[in-house]
Amino acid sequence: MSAPAAAAIEGTDALRALSLELDAAFATLDPEGRLRLLAERVPGRTVFTTSLGIEDQMLTHLVFRAKLPIEVVTLDTGRLFPETYALWQRTEEQYGRRIKAKYPQADALEALIDDQGINGFYFAPEMRKACCGVRKVEPLGRALAGASGWVTGLRRDQSPNREKLDFVEFDEARGMVKANPLFDWTREEIRVFTAENGVPVNELHDKGFLSIGCAPCTRAIRPGEVERAGRWWWEEETLRECGLHMDASGRSVRARDGKPAPGDSAFETIPS
Ligand code: SF4
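Computed from a prediction, not measured in an experiment: that's the story for all the values here.

**Some words on the overall build of the protein**
Then comes step 1: Each helix and strand in the protein was counted, giving 8 helices and 6 strands.
Then comes step 2: Counting from the amino terminus, the protein carries its helices and strands in the arrangement α-α-β-α-β-α-β-α-α-β-β-β-α-α.
Then comes step 3: Across the 272 residues in the protein, those meeting the buried criterion constitute 42%.
Then comes step 4: When contacts within the protein are restricted to residue pairs at least 6 apart in sequence, long-range pairs at least 24 apart make up 69% of them.

This is the structure we're talking about:
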């Protein structure tokens, strides 16, 4: 084995062990303590990918307020709500910090639109996944390239697909520490925190949009529906993840029960 390959394995093993250690430590810390620990212990770059949803806004607040060396990056798909762009600007103005953005590759986006049209995602799950692949998954890969740590706003109670996540996992597909500092927080706890601390949040939350993604793929939810019911609502529930979050075996988090839906293989192997 070459020296660089051996060093890479050694680094991977170290990050895998660190993930286990951090997962145990997170249980005794508050979210800011968790972020501080990540900033101290994860070697190299740590990236927080924000969708500007309410939980991500809380994390952005904690990172910016404590001036932690964690990069805050968003994926601008080009199809976000005007309210989301307004919130993005408001957040930068309030904290005096830039939220970096990654965009789809122009050639890939043009090829996608040539192939399926501007709203092709409504017609078949494969077309929707192709759109998410070009607009989200590939840019995410560039956002995380070279980083050792990845912070997300995933919570246990966002959807049944996310119940089996951990505080901190080793992302085998990407070879990095993946941390979910708000994993055990409820939406109501986050709502109270953001209100009490003056954290800017998307005005669409008050109009029934609890989980906010791209405008054409998000609707307000009805009373009694789960939080993410408004995302890709026209699809079968088991298909509704965007491919950004995969488990230890490289599957989308919705497949953690070992029962991926038929026809998913292309989606699950979208290269990052
Ligand atoms: S959420 Fe909809 S518009 Fe956004 S990338 Fe996915 S399919 Fe495309």
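Moving on from the coordinates now.
**Description of the confidence of the model for the protein**
Then comes step 1: Mean pLDDT over the protein: 86, with 81% of residues reaching 70 or higher.
Then comes step 2: Throughout residues 254–272 the model reports pLDDT below 50, and contacts reaching past four residues in sequence, or to other chains, amount to 30 contacts.

**With respect to the site of the ligand**
Then comes step 1: What surrounds the ligand is a group of 13 residues, the closest being Cys 131, Cys 132, Arg 135, Cys 214 and Cys 217.
Then comes step 2: Across the shell around the ligand, the residue classes tally to 7 nonpolar, 2 polar and 4 charged.

**Notes on the sheet that holds strand β6 (residues 176–179)**
Then comes step 1: Here we have 6 strands laid out as an open sheet, ordered β3-β2-β1-β4-β6-β5, and mixed in their pairing. Looking at which strands have only one partner, the edges of the open sheet turn out to be β3 (100–102) and β5 (168–171). The mean inter-strand angle of the sheet, taken between neighbouring strand axes irrespective of direction, is 30°.
Then comes step 2: Looking at chain direction, strand β1 (residues 46–50) and strand β4 (residues 149–151) are connected through 3 bridges and run parallel. Looking at the pairing, Thr 46 lines up with Gly 149 of β4.

**Description of the pairing of strand β2 (residues 71–75)**
Then comes step 1: In this structure, β1 lies alongside β2, joined through 4 bridges in parallel fashion. Opposite Val 47, over in β2, you have Glu 71 as the bridge partner.
Then comes step 2: At this point the chain moves from β1, through helix α3 (residues 54–65), to the parallel β2, and the crossover so formed is right-handed.
Then comes step 3: Alignment of β2 against β3, held across 3 bridges, turns out to be parallel. Paired with Val 73 across the bridge in β3 is Lys 100.

**Considering the packing of α3 against helix α7 (residues 187–196)**
Then comes step 1: As a packed pair, α3 and α7 sit with axes 10 Å apart at the nearest point and diverge in direction by 50°. Classified by the interaxial angle, the pair formed by α3 and α7 is oblique. The two elements α3 and α7 meet at a crossing, and its hand is left-handed. Each of Ile 54, Glu 55, Gln 57 and Met 58 in α3 lies in contact with α7, whose residues at this interface are Ile 190, Arg 191, Phe 193 and Thr 194.
Then comes step 2: Grouping the amino acids of the contact of α3 with α7 by side-chain chemistry returns 4 nonpolar, 2 polar and 2 charged.

**Things to note about the UniProt feature "binding site: [4Fe-4S] cluster" (unreviewed entry) in the protein**
Then comes step 1: When the UniProt feature table is mapped onto this chain, "binding site: [4Fe-4S] cluster" (unreviewed entry) is found at Cys 131, Cys 132, Cys 214 and Cys 217. Taking the farthest pair of C-alpha atoms as the criterion, the annotated set spanning 87 residues converges on one region, since that pair is 11.1 Å apart.
Then comes step 2: Note that Cys 131 resides in helix α6 (residues 125–144).
Then comes step 3: When near neighbours in sequence (up to four residues on either side) are disregarded, Cys 131 contacts Leu 112, Gly 120 and Phe 121.
Then comes step 4: By the element assignment, Cys 214 lies in the loop between α7 and α8 (265–268).
Then comes step 5: Note on Cys 214: 21 C-beta atoms within 10 Å, which makes it buried.
Then comes step 6: Cys 214 has contacts with Thr 77, Arg 79 and Leu 80, leaving out every residue within four places of it along the chain.

Definitions and cut-offs
Residues numbered from 1 in each chain as written. Predicted model: local features only at pLDDT ≥ 70, side-chain atom pairs only at ≥ 80, totals over all residues. Helix = DSSP H or I, 4+ residues; strand = E, 2+ residues; numbered from the N terminus. Buried ≥ 20, exposed ≤ 12 C-beta atoms within 10 Å, placed from the backbone. Contact = placed C-beta atoms within 7 Å. pLDDT = per-residue confidence, 0-100. Near = placed C-beta within 6 Å. Nonpolar A, V, L, I, M, F, W, Y, C, P; charged D, E, K, R; others polar. Pairing = 2+ DSSP bridges. Axes fitted to C-alpha atoms, helices over the stretch in contact; angles between N-to-C directions. Right-handed = clockwise from strand over helix to strand, strands pointing away. Parallel < 35°, antiparallel > 145°, perpendicular 65-115°, else oblique. Left-handed = near helix turned anticlockwise from the far one by under 90°. UniProt positions renumbered as here; feature names shortened; annotations may be inferred.

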